[in-house]
Structures are given as C-alpha cells and as structure tokens.
Amino acid sequence: MCVNNADFNEGTTLNATYASDPGSPMRLQWRIGAAGKFPTRNADGSWGEVNAVPREQTGATTWLAIVEGQLVSYGHTTTGAAAGTYVESPPRAIPLSMKVGDSISLKYTLYNKATGVGEARSMTRTFVAMETLDTKLGSFEACRIKTTETLAQGSSASTVWLAAEGPYRGQVLKVVVDGGASHTVTSMSYSPK
C-alpha cells in the first residue's frame, strides 16, 4: 500500500493546501513527535500502555505505530471543548501489504478514557486501483482507497488518492467524500526525517 515509513519518524512535517469543491480551500499541517506511551484498553476492561508515535495536528494528536507489517492506530487526544483521550479497542490494524482489490473490515470500540464509556464502530477499507492523478503539483501514480465508516450516528464513505512514489510518497493528493466535497492538493511542503 502507499505508505511512507518516514511518516513515523520524529521530526517529519507536512504542510499542504487543498482546493475544495464546493467550499473554501483547506489546509493540513502535522508533525511527528517523539515516541511515547499511550493508554490502551485491554479485553478485560483494564488499562495498559503502548509505545507509539504522536502525529500532532492543531487540536488533535493521533497515536500510530507500524507493528508486524501493519499500520496500527491506537486512538487520539484532543484539546478545546471536546478535550480528552479516546482509545481504540482493539486498535485498528491495517496491513501494509494490501494490493489492488484487497479489502479489510474492522470492528472496534472507541472509549473515552475519562469516563470509560465506549462507542462501537466499524470500518471497511478497499484498495480500489492504481491510477494516474493530475494535480497542480504535477502528475502522480496514486493508490485509490475507499473507506466506509459506521458510527452510532450513521455511516460515511470517502475515497482518497495517495502518492505511490516520489518525494510525496504516502501523502494525500485528493479526497472525495461521498455526497460531499472534493479536496485536491494545490501545494505541499513535506519534510521526511
């Protein structure tokens, strides 16, 4: 699959802008911090800790790791009005070796660590195709991946195109939300470590 291992190294940064249709341009910024401990919820309901890297964005930090050939998402922390720590149990694990046509379905519960209350969720991710995508940054070979998520409020689906090679490997080039807007990259500053 289109993943860049540098996205899990401390100090890697990304600044990108996207044209939106409809809507105003969108900006994405993140930085990989130093690996640290993140709480996890065990099958018996007790809490433990894992080592993961924080992908820091304004208002939210997602805790990720590559473990035994899988991209693992443990949960996230947020600031502001919805401040808290939210833990995925079991952690979402997506194989890095997915090929065109492969699909994976996951079920997990997102727990609020402060209250212990959880929300059941499910996700299906399909590696749809390899395609050429033209953007203002140039023409790219891209992985097209469709994700459907089901939450208590209903389901949503989106398709993302990730750069398959070159200096932006693994980065989001385009996103189309089913029934919503599309966002296509117009500029990107990516500094892998």
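Our subject is the structure listed above.
The shown structure was predicted, so the numbers you read here are calculated from the model rather than taken from an experiment.

Asker: Help me understand the packing of aromatic side chains, please; the structure alone is not making it clear to me.
Answerer: For any pair of aromatic rings, the description consists of the separation of the ring centres together with the inter-plane angle of the planes. The full count for this structure, using the stated rule, is two aromatic pairs. Considering the side-chain rings of Phe38 and Trp63, the 5.4 Å spacing of their centres and the 25 degrees angle between planes classify their relative orientation as stacked. Of the two residues, Phe38 is situated in strand 3 (residues 36-41) and Trp63 in strand 5 (residues 60-67); the sequence distance between them amounts to 25 residues. Here Phe38 falls in the buried class, since its relative accessible area comes to 1%.

Asker: Is there a simple way to think about the nonpolar core in this case?
Answerer: General note: in soluble globular proteins, nonpolar side chains tend to be found buried as a group. The biggest cluster of nonpolar side chains holds 36 residues, and the ones touching the most others in it are Met1, Ile145, Leu173, Met188 and Tyr190. Mapped onto this core, the elements with two or more residues apiece are strand 1 (13-21), strand 2 (26-32), strand 8 (103-112), strand 9 (118-135), strand 10 (138-151), strand 11 (154-163), strand 12 (172-177) and strand 13 (182-191). With sequence-adjacent residues up to four places away left out, Met188 is seen in contact with Leu14, Asn15, Ala16, Tyr18, Leu137, Tyr168, Gln171 and Val172. Counting residues in hydrophobic clusters, the runner-up holds nine residues, among them Ala52, Val72, Tyr74 and Ala93.

Asker: Could you clarify how one ought to interpret the pairing of strand 3 in this entry?
Answerer: For a regular strand, side-chain orientation follows a simple rule: the groups alternate between the two sheet faces. In terms of strand pairing, strand 3 meets strand 4 (residues 47-57) through six bridges, oriented antiparallel. The residue bridging Pro39 from the neighbouring strand is Glu49, located in strand 4. Between the end of strand 3 and the start of strand 4, which pair antiparallel, lie five residues, with Gly45 showing a positive phi angle near 90 degrees.

Asker: Whenever I open this one, the side chain of Thr12 confuses me. Can you help?
Answerer: Considering the arrangement of structural elements, one finds Thr12 in the segment before strand 1. Residue Thr12 is classed as buried on the basis of its relative accessible area of 0%. Among the polar contacts listed, one links the side chain of Thr12 to the backbone nitrogen of Lys193, at a separation of 2.9 Å.

Asker: Can you walk me through the state of the cysteines in this structure?
Answerer: Simply put, disulfide is the name for a covalent bond between the sulfur atoms of two cysteines. Scanning the model with the defined rule gives one disulfide in all. Covalent S-S linkage joins Cys2 and Cys143, the inter-sulfur distance amounting to 1.4 Å. With the S-S bond torsion at 40 degrees, the cross-link from Cys2 to Cys143 turns out right-handed. Of this pair, Cys2 sits in the segment before strand 1 while Cys143 sits in strand 10, placing them 141 residues apart in sequence. Accessibility expressed as a relative area gives 1% for Cys143, which makes it buried.

Definitions and cut-offs
- Residues numbered from 1 in each chain as written.
- Predicted model: local features only at pLDDT ≥ 70, side-chain atom pairs only at ≥ 80, totals over all residues.
- Heavy atoms only, no water.
- Phe/Tyr/Trp six-rings, centres within 6.5 Å; stacked < 30°, edge-to-face > 60°.
- Helix = DSSP H or I, 4+ residues; strand = E, 2+ residues; numbered from the N terminus.
- Buried < 20%, exposed > 50% of the residue type's maximum accessible area, 1.4 Å probe, protein only.
- Core = buried A, V, L, I, M, F, W, Y, C linked by side-chain atoms within 4.5 Å.
- Contact = heavy atoms within 4.5 Å.
- Pairing = 2+ DSSP bridges.
- Polar contact = N/O pair within 3.5 Å; in protein donor to acceptor, adjacent residues only side chain to side chain.
- Disulfide = S-S within 2.5 Å.

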